[in-house]
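Working through the structure, step by step
Here are the chains, one letter per residue:
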Amino acid sequence: MTDVGRTAESIRWELDDEGVVTLTLDDPTQRVNTMNASFRSSLASVVDQLVERAPSITGVIVTSAKETFFAGGDLGELYRVTSENSAEFASEIARLKSDLCRLETLGKPVVAALNGAALGGGLEIALACHYRVALDTARSRFGLPEVTFGLMPGAGGVVRSVRLLGVEKALASLLLQGQQYTPSDAASLGIVDQVVGSSEMMLAAARAWIVANPDAVQSWDRRGYRIPGGELSSPSIAAILPILTANLRKRLKGAPVPAPHNILCAAVEGAIVDVDTAHDVEAKYFMNLVTSQVAKNLIHTMWFGRRSLSAGLPGGAAPPPMVNRIAVLGAGMMGAGIAYVSAYNGIEVVLKDVSVEVAERGKEYSRRLLATQVARGMLDQGQADAILARIATTSDYPDLERSDLVVEAVFENQALKHEVLRSVEQVVAANALLGSNTSTLPITGLATAVNRKSDFIGLHFFSPVDKMPLLEIVRGEQTSDDALRRALHFAKQIGKTPIVVSDSRGFYTSRVIGSFVYEAMAMLVEGISPASIEQATTQAGYRVGTLQLCDELNLDLLLEIRNETREGQGEAYHRHPAETVLERMVDLGRSGRLAGAGFFDYDSAGKRVGLWPGLSAHFPMRRDPATVDLKELSERMLFIEAVESSRCVEEGIIAPADANVGSVVGIGYPSWTGGALQYINAYPGGLSAFVDRADELTRRHGHRFEPNLLLRNRAASGDLF
Ligand code: NAI
């Protein structure tokens with residue numbers, strides 16, 4: 001290569017003897033490339049050079065020196081954009097867009113050589129190239145996931161994906177849900193043109209394409225170009241648009257999330273105007289989202305919060321050892337799932353139940369999940385067989401020898417748990433970490449069964465284990481720092497997001513979700529129609545209605561927990577209005593989906609068919625659904641979990657970042673809020689307005705809404721959670 005001297009800060013320039021310029025994205029200050037100020041000024045500088053020297057250039061290859069091609073927007077920078085400083089940022093974005101447009105209209109072929117993942121801004125750069133060659137690596141992913149942070153592509157991603165794929169495909173497959181694709185799936189979708197097996201092949205393919213296409217331009221810059229799938233005025237697209245809008249409404253159910261709406265508008269409005277105007281339209285909708293509170297909430301929790309989890313915990317001299325062999329006790333719903341995720345992540349599993357037959361039934365769960373993965377092309381048969389072969393089944397304790405981690409998941413019964421924990425400690429490795437998946441029993445109490453109490457810890461998974469990303473790690477009174485570190489390391493090994501909580505009734509997640517389901521049942525007692533309750537829940541942004549959730553959680557279990565709590569608290573126990581509903585439903589044999597009857601009716605295949613009409617006989621409707629204040633019902637759901645979370649922080653059960661992440665990722669608190677405490681932080685009018693409203697809800701509905709001292713103090717001092 002020659003002419004290496006014109007490098008800009010974040011982009012290396014190399015011009016070879018054939019006149020091909022290779023632009024290598026390589027931010028010197030970061031592990032990954034992002035669309036930060038350095039990138040933007042580097043791009044402007046290299047594009048200036050390209051334009052100036054275009055006559056002597058054959059073509060351009062854009063690639064990266066990092067493991068990924070490009071990570072996307074700089075979330076820290078986006079987080080800092082406010083309505084006060086947005087004009088400056090908008091002009092930066094306008095310049096970036098114009099530089100990418102100058103690149104694609106250079107008059108020379110421009111090829112993206114995608115050596116790794118290109119997400120968000122990374123794919124936007126690639127879309128501004130004329131051709132995309134992707135290296136087939138296991139971790140490469142392509143997509144425009146901005147919507148998951150309450151944002152949308154702002155560097156031409158909407159404009160170009162719509163022109164490349166058509167309005168419907170771009171919206172449904174890329175923009176509205178932020179899907180991420182493997183190289184081969186990205187090629188099937190049409191956002192990647194060629195997939196190759198090595199870096200050399202990638203660069204060779206890029207060069208070959210440059211040689212074969214000296215006059216390359218974007219398809220939409222050619223005469224006679226038509227948007228794939230049809231123009232907006234064509235009958236086929238005209239028929240699809242209302243369906244897209246309706247589907248979006250159905251999915252969002254009225255939740256206050258602006259990003260999908262802005263994306264839809266930018267795609268549709270942008271499709272009926274010329275490219276330059278489409279970029280302006282995109283910019284307008286993008287800036288509206290960048291400054292929105294929802295985007296701030298999502299970035300705050302799902303990016304910064306997630307990254308800060310366990311940051312304040314004691315460090316160790318060396319990273320804890322990897323788990324090689326795990327003993328899972330109980331092959332029921334949870335044990336089967338824990339065995340699956342462990343084996344999937346390379347850990348040898350011994351799954352123990354009362355008989356080999358029962359344990360084999362648990363292993364069958366993995367077999368089924370793996371078959372689905374093979375059918376979907378996500379694993380080949382050999383990989384699936386290897387994963388399954390890691391799971392051994394048994395009914396005998398001696399087979400658990402050498403295990404370096406135990407996860408106990410037998411019935412929720414303290415005496416039984418004590419018995420199995422005592423037995424297992426004798427046979428596993430002498431330093432094995434001893435974990436329990438109990439959802440309610442105090443960890444310190446369970447630890448009394450074992451000798452090594454400092455190695456005992458709660459590892460609370462969520463159902464279904466393969467899908468739910470959270471792991472609630474519970475520190476008992478005697479759990480050591482080392483045990484905690486090992487548990488966190490295990491979470492990482494199996495790809496779960498850990499939150500750390502201290503030992504108390506319901507830990508964090510069960511306690512807070514309990515307050516939520518009780519609130520819905522209290523509304524039934526007040527005479528509010530069940531349909532209104534469900535609607536208010538989904539309008540608040542929860543994925544499913546609360547009564548539906550009660551059916552899934554199972555009212556028998558909720559009643560059992562209530563009984564234990566009441567017994568545990570003795571005189572201090574306060575009856576909640578929801579308990580009347582809970583007791584009545586269980587008496588009626590309608591404890592939820594498992595029983596085939598709950599707040600909803602189910603058909604013989606277990607499918608939910610509708611709200612049980614008999615509810616009105618037991619809980620007469622006294623409030624006209626037409627006049628009921630849905631907004632207040634929604635707020636009651638959001639407030640009760642927020643106040644309960646604030647109490648958990650005050651009691652030292654959980655740190656605010658863990659509560660935010662745990663509430664969203666573990667128990668379905670609406671993600672647009674950024675979590676149960678960020679909801680308080682961002683409440684319109686601030687913490688003091690939140691406290692005023694909580695006081696009002698207390699007057700209207702009871703002491704459960706009463707702000708705790710910590711919350712009042714923070715409201716007074718203006719200290720956010
Ligand atoms: P499950 O009833 O589906 O399974 C329990 C299994 O333990 C059964 O297969 C049973 O045969 C087995 N078992 C009983 N005695 C045993 C023994 N001596 N040795 C080995 N296995 C024995 O229960 P599930 O739902 O899997 O729950 C297990 C634990 O996980 C409980 O502590 C529960 O509270 C907790 N949990 C449950 C969640 C859920 O959504 N179901 C969520 C999080 C935690």
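Residues numbered from 1 in each chain as written. Predicted model: local features only at pLDDT ≥ 70, side-chain atom pairs only at ≥ 80, totals over all residues. Heavy atoms only, no water.

**Describing the overall build of the protein**
- In terms of helices and strands, the protein carries 29 helices and 19 strands.
- Here the protein has a C-alpha radius of gyration of 28 Å; the compact-globule value for 721 residues is 27 Å, and the two agree.
- Along the first, second and third principal axes, the C-alpha set of the protein runs to 85 × 65 × 55 Å.
- Relative to its full complement of 721 residues, the protein shows a buried share of 56%.
- Once local pairs closer than 6 in sequence are excluded, the contacts in the protein between residues at least 24 apart make up 72%.
- Roughly 29700 Å² of accessible area belongs to the protein as shown, and the carbon and sulfur atoms make up 53% of that amount. (Helix = DSSP H or I, 4+ residues; strand = E, 2+ residues; numbered from the N terminus. Rg over C-alpha atoms; globule rule 2.2 N^0.38 Å. Buried < 20%, exposed > 50% of the residue type's maximum accessible area, 1.4 Å probe, protein only. Contact = heavy atoms within 4.5 Å. Areas by Shrake-Rupley, 256 points an atom, 1.4 Å probe, with all protein chains shown as cover.)

**Observations regarding helix H26 (residues 656-667)**
- With twelve residues, H26 extends 15 Å from end C-alpha to end C-alpha; this agrees with the ideal 16 Å at 1.5 Å per step.
- The element H26 is extensively covered by neighbouring structure, given that ten of its twelve residues are classed as buried.
- Among all positions in H26, only Asp-658, Ala-659, Asn-660, Val-661, Gly-662, Ser-663, Val-664, Val-665, Gly-666 and Ile-667 are buried.
- The elements touched by buried residues of H26 are helix H12 (293-308), strand E16 (470-475), strand E17 (497-502), helix H19 (509-525), helix H25 (630-650) and helix H27 (676-681).
- Where H26 terminates, the next one or two residues include Gly-668, which has phi positive at roughly 75°. (Expected span 1.5 Å × (residues − 1).)

**Some words on the pairing of strand E14 (residues 433-436)**
- Neither face of E14 is exposed, since Leu-433 and Gly-435 on one face and Leu-434 and Ser-436 on the opposite face are all buried.
- Sheet topology note: the strand E13 (residues 405-408)/E14 ladder contains four bridges and is parallel. Along E14, the bridge assignment pairs Val-406 with Leu-434.
- In this fold, E13 hands off to helix H16 (residues 414-427), which returns the chain to E14; that crossover is right-handed. (Pairing = 2+ DSSP bridges. Right-handed = clockwise from strand over helix to strand, strands pointing away.)

**As for a positive patch on the surface**
- Taken together, the side chains of Lys-250, Lys-253, Lys-607 and Arg-608 present a region of like positive charge at the surface.
- Locating Lys-253 in the fold gives a position in the loop between helix H9 (235-252) and helix H10 (258-271). (Patch = residues over 30% accessible without salt bridge, like charges linked within 9 Å, V, L, I, M, F, W, Y side chains within 5 Å. Salt bridge = Lys/Arg side-chain N within 4 Å of Asp/Glu carboxyl O. Lys, Arg positive; Asp, Glu negative; His and termini not counted. Charge placed at Lys NZ, Arg CZ, Asp CG, Glu CD.)

**Considering the packing of H25 against helix H29 (residues 709-717)**
- It is the contact of H25 with H29, at a shortest axis distance of 8 Å, that shows an interaxial angle of 95°. If you check the angle between H25 and H29, you find them roughly perpendicular. On H29, the residues that touch Ser-646, Val-649 and Glu-650 of H25 are Leu-709, Leu-710 and Leu-711.
- By residue class, the composition of the contact of H25 with H29 is four nonpolar, one polar and one charged. (Axes fitted to C-alpha atoms, helices over the stretch in contact; angles between N-to-C directions. Parallel < 35°, antiparallel > 145°, perpendicular 65-115°, else oblique. Nonpolar A, V, L, I, M, F, W, Y, C, P; charged D, E, K, R; others polar.)

**What to know about the sheet that holds E14**
- The eight strands lie next to each other as E12-E11-E10-E13-E14-E15-E16-E17, forming an open sheet whose pairing is mixed. Two strands close off the open sheet at either side, each with one partner strand: strand E12 (391-394) and E17. Neighbour-to-neighbour, the strand axes of the sheet open up by a mean angle of 25°, direction not taken into account.
- In the packing of helix H14 (residues 356-375) onto the sheet, the strands contacted are strand E11 (348-352) and E12, and the crossing angle to E12 comes to about 160°.

**Observations regarding the nonpolar core**
- Core analysis: the largest hydrophobic core is formed by 178 residues, its most contacted members being Met-521, Phe-599 and Phe-690.
- Take this core: its biggest share by element is ten residues, from H25.
- In this view, Phe-599 contacts Met-521, Leu-524, Leu-547, Cys-550, Asp-551, Leu-555, Val-581, Met-585, Leu-611, Trp-612 and Leu-615; residues no more than four positions away in its chain are not counted.
- Core analysis: the next-biggest nonpolar cluster, separate from the first, contains 38 residues, Val-323, Leu-370, Leu-388 and Ile-457 among them. (Core = buried A, V, L, I, M, F, W, Y, C linked by side-chain atoms within 4.5 Å.)

**Notes on the environment of Gln-383**
- In this fold, Gln-383 is placed in helix H15 (residues 381-389).
- It is 9.5 Å that separates the C-alpha atoms of Gln-383 and Tyr-344, two residues lying 39 residues apart in sequence.
- Separated by 2.8 Å, the side chain of Gln-383 and the backbone nitrogen of Asp-380 make a polar contact. (Polar contact = N/O pair within 3.5 Å; in protein donor to acceptor, adjacent residues only side chain to side chain.)

**Here we look at the domain arrangement of the protein**
- Looking at the assigned domains, one finds that the protein contains domain 1 (3-291), domain 2 (322-504) and domain 3 (510-717).
- Taking only C-alpha atoms into account, the centre of domain 2 sits 30 Å from that of domain 3.
- At the junction of the two partners, domain 2 supplies 14 residues and domain 3 supplies twelve residues.
- In this assembly, domain 2 packs against domain 3 so that about 1000 Å² is buried in total across both faces, 60% of it on carbon and sulfur atoms. (Domains from an automatic or database assignment. Buried area = accessible area lost by both parts, 1.4 Å probe.)

**A look at the site of the ligand**
- Not every one of the 22 residues close to the ligand is listed here, only the nearest: Met-334, Asp-353, Glu-412, Lys-417 and Ser-439.
- Here an oxygen atom of the ligand sits 2.6 Å away from a polar atom, N or O, in the side chain of Asp-353.
- Lys-417 places a side-chain nitrogen or oxygen 2.6 Å from an oxygen atom of the ligand.
- Mapped onto the shell around the ligand, the elements with two or more residues apiece are helix H13 (333-344) and H16.
- Per-element accounting of the shell around the ligand gives the leading share, three residues, to H16. (Near = heavy atom within 4 Å.)

**Side note on the sheet that holds strand E7 (residues 142-143)**
- Strand order in the open sheet made by the three strands is E5-E7-E8, with mixed pairing throughout. Of all the strands in the sheet, the pair left with one neighbour each is strand E5 (118-119) and strand E8 (180-181).

**Observations concerning the pattern of salt bridges**
- All chains considered together, the criterion is met by 37 salt bridges.
- Salt-bridge contacts for Glu-412 lead to Lys-417; the nearest nitrogen and oxygen are separated by 3.6 Å.
- We classify Glu-412 as partly exposed; its relative accessible area is 24%.
- Arg-636 serves as the salt-bridge partner of Glu-526, at 2.7 Å between the closest nitrogen and oxygen. With Glu-526 in the loop between H19 and helix H20 (530-540) and Arg-636 in helix H25, this pair connects stretches of sequence that are 110 residues apart.
- Residue Glu-526 is classed as partly exposed on the basis of its relative accessible area, which comes to 22%.

**Quick look at the packing of aromatic side chains**
- As enumerated under the stated definition, the model contains 15 aromatic pairs in all.
- When the ring of Phe-149 is compared with that of Trp-303, the centres are 6.4 Å apart and the planes differ by 85°; the resulting orientation is edge-to-face. Residue Phe-149 is located in the loop between E7 and helix H5 (157-165), and its partner Trp-303 is located in helix H12; the two are separated by 154 residues in the primary sequence.
- Of the residues examined, Trp-303 reaches a relative accessible area of 30% and is grouped as partly exposed.
- When the ring of Tyr-679 is compared with that of Tyr-683, the centres are 5.9 Å apart and the planes differ by 75°; the resulting orientation is edge-to-face. Tyr-683 shares its class with Tyr-679; the two are buried. (Phe/Tyr/Trp six-rings, centres within 6.5 Å; stacked < 30°, edge-to-face > 60°.)

**What to know about unusual backbone geometry**
- For the peptide bond that leads from Ser-463 to Pro-464, omega is -5°, which places it in the cis range.
- Within the secondary structure layout, Pro-464 lies in the loop between strand E15 (456-460) and E16.
- Although it is not a glycine, Lys-253 adopts a positive phi angle of roughly 50°.
- Accessibility expressed as a relative area gives 38% for Lys-253, which makes it partly exposed.
- Residue Asn-554 is not a glycine yet carries a positive backbone phi of 85°.
- Among the secondary structure elements, Asn-554 is positioned in the loop between helix H21 (546-553) and helix H22 (555-569).

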